[in-house]
Each structure stands twice: as structure tokens, then as C-alpha cells.
Amino acid sequence: MALSSTMDRKNSYGRIKNRNKAIEKRRQGAPLDTRAAFAYMTILLLISLPAFIYLYQNACITQKGYQVQKLEERLTDLSLERERLQLKLDELSAPERVENMAQSRLNMIYPERVEFITIKEPVAETRLASAGRLTGVWNGLVDGLKSLDGLRARLTEVEASQP
Amino acid sequence: MSRSLTRSRIRVITGVMVILLASLLVRLVYIQIIQRDKYKNLAMQQRMRKVDLPASRGGIYDRKGKSLAVNIAMESIYASPNQMSDRGRVASQLAAVLGKSSDEILKMLDPKRGFVWLQRKAPFDISAAVKALNLGTVSLIKEYKRAYPGQELASNIIGFAGLDMQGLYGLEVHFDKYLRGVPGYMKVEEDAIGRNIPYGVKKIVPPADGQNIYLTIDSELQHIAERELKKAVQNARAAGGCAIVMDPWSGDVLAMASSPTYNPNNYGSYDCMAWSNRAVHQVYEPGSIFKLITAAAALEEKVYSPGDTVINCSGTLGIDRRTVHCVRHGNSSGHGSESVSDIIVNSCNVGAATLGLKLGSHSLYRYVRDFGFGQVTGIPLPGEERGLLQSPASWPRIKTANIAFGQGIGVTPIQMTRAVCVLANSGKLYRPRIVRDIRTRDGVVSKEYKVEDLGRVVSPETAAAMRRMMQRVVLEGTGKAAAIEGYSTGGKTGTAQKVGTYGYGGGRYIASFVGLAPVDHPRLVVLVSIDEPKGAYYGGVIAAPAFKEIVRSSLIKLGVPPDKGDAVIREDA
């Protein structure tokens, strides 16, 4: 009995000593196990990578957004430029200006007399001419048929007179 | 012993650190969670910026869609003097660009002010030059400016808008509520250097742009009327004038010219009298052109037929101790025996007075009202005068006689033109139309001004008889200068004395001619009136030639074929 208690005391003393050693090692910053370290790094990377990707995406989108804004400003500037040019066009085509230019630069004058020209409609005449031709053809057919009838009647008379 | 002291010190420091961190955490929780809304709003206010979105003012167009009033974007230049480190340098750089002296600009750059306008709506080259200077404390902002590409074309009708795009005169003010639209705004998040944050918080209330107005005016006919009126006024060295071209079958005003006129792009540099639209603002005694109304009334009431002898004109007519004198050129004797038609052709005051007295004051008054006098026509132009027409109860006989030949009554040019349209279109009175419709920016008609038939005034037979009389005026009477080659024309001259402080006299007249063409189915009714011509002052001499040129050019522009035998017509095989 006394021996086992001595052994127990020795073993517990050993465990305590090992534990203190381990604590002392940790306190001194003893390196972790390599595999554990690799595992920790991998987990960290797996967590932080999506976050980085998300942040990068946002930054790109924001950057593109600024570019879009610049293009929209450019579009606005071009629209305004178009309005200015349209106004310029309207000013240049104002009746008074055109008249002044015609008189001063092209030496044009108002006509003393105005000549009116009537233009005959060609479509109506073609239709009439076609209708006339068709009528002529029809009349020719009718005359032909009448003459055939006459010939048939004559032949019948001749046959009847034959013995 | 020392180890336990160290441990206790560590515990104390740790405790203090924990207390500090805990208090920081409590403060963080207080700010971030408990006061969350308050600080969130503060941050938003700091980041959020409200941008006004001005509504684009609607345009004004003629009947063919040609623009008469449009908007153009300009850049207004402003400065923030209280942020300037060297105002003198900025002033000297701006002086060369803005065309002002350095001292002048330096005075504007009050160092106590955070915002000062340097030039509103600057021309494009000036704003580009300011932009190129790249001055941090001088910026540009886009604003719209009203522009009138036709310059003086139809300016007395259109009016003008002010610097802040508000209507101030003419159609611009009359239709301001349709033209101006409703401004909007935009709230955006911006970053530290003032750029909008893309995809940030954004609230937009879009502006409702103003609507466009389409007129019945034809720009080409308007130009013709303005050109000929200007020529007539200049030749007569007159104070001013007015010309109106109308479609008698719808009441459409195709042209409405007024002299003097102005350029609405620079309205401030003109006398305000130039802004006036004489067609609706000028009230005057019409004189002999009014005899058309008296004669039409007499025929319609069947007091006389066109060929009946009305009077044997001796040159004067005594009425209630007053005397009406007949105006006969170069001859003090009268016109002799006259029918209704002769009275018009000869422009006989005695004959017209006789017609008026035969009609009676009440009957004449009724026809005068039916023809649209003594009341506004309802044309949508601001400040339209109703003219002057007293109740017949107060008319002595001499007044009835005077009104019969166009004195003692005040009319506007638009009233007179519309009345002659009744004779041109076989007897109906139409409301004059100058605005055809109002449309949204998408082209959808939101308001239409339809042709408005106000009723029959005279029968088609009376109207036709009057047109034949008017044709005689041009062929045989005082209106020979209005005859147009190729087109049958009818009209009436008028030379009305203007009333001064002490009555008639003083040598001031209004010379008028009102007419129609072609006679059988008139396409146009035109009135020309010249105010206070110098030298020759007769309507047949001053106004009729302008009428002729306006009608001739207008009919050709409209493609109306000639109806008279003297037209030169060639057949194209």
C-alpha cells in the first residue's frame, strides 16, 4: 500500500512536471505543429479570399460607375451641342436672312411677271387609250362572230338545196 | 515577494485597461446602436446633395413645325470669393475673358461672399475660355436660355421670356403655365471631392418639361407681310402700321405683322412701344372701310338691293344742324345718283350716312355687334382691346350717320379683318385662331383650339353681292393700286382722320386697305393699315400697294391657281 501511494505520487509528480514543461514551452512561444499551421492558413485563406474578391468587385464597379458618369456627361455635352447646332441651322434658314442672301450674294430679284404652267396628267390619258383599244378588239370579235353566223346560215341553205 | 508585487501591478493595469476598454465599448454601443439614427442622418446630410433639375421650357412653332422660340443650354459663371487666396490674380485672368476690367471684377469678388454670379448664360466661347483657365474657385453651371431663331419674325405675337425663363410678354406670358413645366430635383450621395457616388443612394423626382405650342402662323407668309409692311411704313415715313392675313373659312391667322417691331433676343434694348401688337392693341376709327359693314347690313335687311338708287349725292347732307361732307377727289360737287354699289365704289360719306339712317340706330348697332365689333374677338393674345362702341340709346342721328361711314366707333385691326372674312366666306363669323394646339414633348395633343363658328351674320347672297362691290372698287374705284395680275381682287380703301385733343384735324390719318382674293372663292383676307403717313395719306395710295404685294406673294406661295384672264399660262406637254 505505501509503495503504490509512492508510485502514484511519483506519477502525478511526473505529470505535473510535464504539464509545467508544456506550459513553460508555450510561454516561451514554442512553434506549433506544421500541419496545424498549414490548416490554420488554409482556413484563413478560404475565409478571406471571397471577402477580397467581393471588395475587388465593388471597387471595379465603382470605377466603372465613374466612367459611366463621365460618358453621361459627354452625352449631355453632345446633346447640348446638337441643340446649339439646331438653333444655328434655324437662324441660318430664317426667311429674312435667306432673302437677303439671295439678293445680295446671288443677285436674285422678285419676278415682274409670274408665268403659270399647267401640267397634263399622263395617267388618265393612258387609261382612256387602253380602254379604246380594248373596245376596238371587242367590236372586231363581235363582227367576226356575226360573219361566221352568216356563213353557217349560207352553208345550211346550200345543203338544204342539194338533192 | 517581488513576483507577487509584479503580479498585483499587472492585475491593476489589466483592470484599468479593462475599465477603459469597457467604457470605450459602452460609448461605441451608445453611438453606433442607441444614437444610430441621429448619426446616420448627419452622415447622410453631409454626403447627400440636392441638385435642382430645371424643366425645359416648351417651344413655339409655326403651322408647319418651323421653330419660332426654342431653348438653348448656356453656362453661367459663378465664383466663390471667400475661398480665394489671391483675388487679384483671379480678377486679372477673368478680365481678359469676360471683357470687363480687372477692377470691375475685383469689386464683384466680395471676400465675405461664398457665391457671386460673374455672368449669367454666357456665350459658348466665353464659358469655354473660363473653363480652360481651370480656376478652382470659379465654376460653371448649366442654365437654359430662350432663343428666337427668326430674330424679328412674329416677335410682336410671340413676345419674349426673361432671364429665368419666365414669360414676360406676348404668347410667352399668355401660355406660360403650359410652356414652363414643373422643375424636379435629384438627391445624390457624393464623395469627399464632390463626385456622385455611383450606385449610391439616389432619389430622383424628374422634371415635367413644358409643352410645345403650335400656331396657325405660316412663317413664309409672316415674313412677306412684315417685309411689305416695313416697306410701306418706310416709304410713307409713318409712325407705324399693321398687316393681318387671315383664312376666311376657318378664322386662322396666317400672318400678323406690326410696326415698329423688335428682336426678342435683345428685347431690353428696344422701346417698349415696339413690343406692342397693334393688331389687338390699337383702337382707331376705321373710316371708309367700315362702309362695307353698313352696306352689308342694308342689303341683309333688304332696305335696298345692290342696284337700287339710294341717293342723289350733292356733296353734303344736313343732319340735325350738322353737315356730312362727301369726299370727292378734286371736285367739290357730289357723286350724283348712286346705288349701294356706287356708294362703296365712290366711298361716298353722304351715301353711307343715308344707308345708316335708313337702317336706324338699333338695327345698325345690332349688325355692328354681329360683325364682332365692340367686344373682344377672343383671340388668345394678351391685352386685346374690345374697341369703342356706345349703346344705340345714346346715339343722336348724326352719330348714326358718322358710324355708318366709320367715325364715332373704335375698332381694332383684328376685328376689322375678321368682319371682312364674313363677306369672304359667305356670311359666317369665326373666332380668330392663332394657336392651333398644344402638345406634350411626345407629340400628343393636350389641348386643341378648334375652328369656332360663331354663327351666321349675313346670307351667302349678301356676302356675294358685297364681294362684287369690292371687286368694282379695285377695277373702277379708289382701290386700283390693289389689282393683281392673274387674280381677281376685291377690297375697300379707308383714309380716317385721327382724333386729337381738340377733335379732328391736325393732319394725322390712318390709311387702310382691306380686301380679299380671289373674289369668287376667297383664300385670303388681308388688311393693311398705316398710321400717320407723311405726305400722301390716302389708303388707295399708301396701303393698297402693300396689300397687292402681300396677296400676290402669298397666293403664289400657297399654290393658288390664277382665276383671271390676264394670267400668263403655259401648257406643258
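Our structure is the block above this text.
To keep things clear, this report deals only with the structure shown in the data block. (Residues numbered from 1 in each chain as written. Chains lettered and ligands numbered in written order. Predicted model: local features only at pLDDT ≥ 70, side-chain atom pairs only at ≥ 80, totals over all residues. Heavy atoms only, no water.)

**Some details on the sheet that holds strand S12 (residues 253-259) of chain B**
All names here are of chain B. We count it as follows: Between any two strands, pairing holds if DSSP finds at least two bridges. Under the DSSP-based scheme used, a helix requires at least four consecutive residues in state H or I and a strand at least two consecutive residues in state E, with every element numbered from the N terminus. Only the stretch in contact is used when fitting a helix axis, every axis being a line fitted to C-alpha atoms; angles between N-to-C directions are given from 0 to 180 degrees. Contacts: residue pairs with any heavy atoms within 4.5 Å of one another.
With antiparallel pairing, the 5 strands of this open sheet are ordered in space as S12-S11-S23-S22-S21. Each edge of the sheet is formed by a strand with only one pairing partner; in this case those strands are S12 and strand S21 (490-497). Between one strand axis and the next, the sheet turns by 5° as a mean value, whatever way the strands run. Relative to strand S23 (residues 524-531), strand S22 (residues 509-517) is paired through 8 bridges, and the arrangement is antiparallel. Bridging across to S23, Ala 517 finds its partner in Leu 524. The strands that helix H16 (residues 413-424) touches are strand S11 (240-246), S12, S22 and S23; relative to S11, the one it contacts most, it runs at about 35°.

**Looking at H16(B)**
Residue and element names in this part refer to chain B. We apply this condition: To estimate the expected span of a helix, count its residues, drop one, and scale the result by 1.5 Å. Each residue gets one of three labels from its accessible area relative to the maximum for its type: buried under 20%, exposed over 50%, partly exposed in between, using a 1.4 Å probe on protein chains only.
For H16, which comprises 12 residues, the first-to-last C-alpha distance of 17 Å matches the rise-based estimate of 16 Å (1.5 Å per residue) to within 8%. Within H16, 12 of the 12 residues are buried, leaving the element largely enclosed by the surrounding structure. By the burial criterion, the buried members of H16 are Pro 413, Ile 414, Gln 415, Met 416, Thr 417, Arg 418, Ala 419, Val 420, Cys 421, Val 422, Leu 423 and Ala 424. At the exit of H16 stands Ser 426, carrying a positive phi of roughly 75°.

**Comments concerning the interface of chain B and chain A**
Our working rule: Joining two parts hides part of their accessible area as seen by a 1.4 Å probe, and the buried area is that hidden amount summed over both. Any carboxyl oxygen of Asp or Glu within 4 Å of a side-chain nitrogen of Lys or Arg constitutes a salt bridge here. Each residue is assigned to one class: nonpolar for Ala, Val, Leu, Ile, Met, Phe, Trp, Tyr, Cys and Pro, charged for Asp, Glu, Lys and Arg, and polar for all the others, Gly among them.
Of the residues lining the interface, 36 residues belong to chain B; the matching set on chain A comes to 30 residues. At the boundary of chain B with chain A, total buried surface from both sides reaches about 3,000 Å², with 56% on carbon and sulfur atoms. Put simply, chain B and chain A have 1 salt bridge between them. Of the charged contacts, one joins Glu99(A) and Arg227(B) as a salt bridge, the two residues approaching to 2.5 Å between their closest N and O atoms. Mapped by element, the contributors of at least two residues to the side of chain B that touches chain A are strand S3 (67-79), strand S5 (138-147), helix H9 (219-236), helix H18 (539-558) and strand S24 (568-572) of chain B. Its residues placed into classes, the side of chain B that touches chain A shows 17 nonpolar, 7 polar and 12 charged.

**Here we look at the nonpolar core**
Residues and elements named next belong to chain B. Put simply, the rule is: Nine residue types can take part in a nonpolar core, namely buried Ala, Val, Leu, Ile, Met, Phe, Trp, Tyr and Cys, and a core is a set of them joined through side-chain atoms within 4.5 Å.
In terms of nonpolar packing, the biggest core is built from 97 residues, with Met 256, Phe 290, Val 324, Phe 371, Phe 373 and Ile 434 touching the most fellow members. At 8 residues, H16 tops the list of elements feeding residues into this core. In this view, Phe 371 contacts Ile 293, Ala 296, Ala 419, Val 422, Leu 423, Leu 429, Val 457 and Val 458; residues no more than four positions away in its chain are not counted.

**Some remarks on the pattern of salt bridges**
Residue and element names in this part refer to chain B. Counted according to the given criterion, the structure contains 29 salt bridges over all chains. Note that Arg 436 and Asp 437 form a salt bridge whose closest N and O atoms lie 3.9 Å from each other. Residue classification places Asp 437 among the buried residues on the basis of a relative accessible area of 7%. With a closest N to O distance of 3.0 Å, Arg 508 and Glu 532 form a salt bridge. Of the two residues, Arg 508 sits in the loop between S21 and S22 while Glu 532 sits in the loop between S23 and H18, which places them 24 residues apart along the sequence. Within this structure, Arg 57, Arg 146, Glu 172, Asp 176 and Arg 180 form a network of salt bridges that share partners.

**Focus on a nonpolar patch on the surface**
Our working rule: Only residues whose relative accessible area exceeds 30% and that form no salt bridge enter a patch; like-charged residues are grouped when within 9 Å of one another, and nonpolar side chains (Val, Leu, Ile, Met, Phe, Trp, Tyr) when within 5 Å. All accessibility values rest on the Shrake-Rupley procedure with a 1.4 Å probe; residue burial counts only the protein chains present in the view.
A cluster of nonpolar side chains, Leu25(B), Leu28(B), Val29(B), Tyr30(B), Ile33(B) and Ile34(B), forms an exposed patch at the surface whose accessible area comes to about 580 Å². Note that Tyr30(B) resides in helix H1 (residues 2-34).

The values reported here are purely geometric and, on their own, carry no functional implication.
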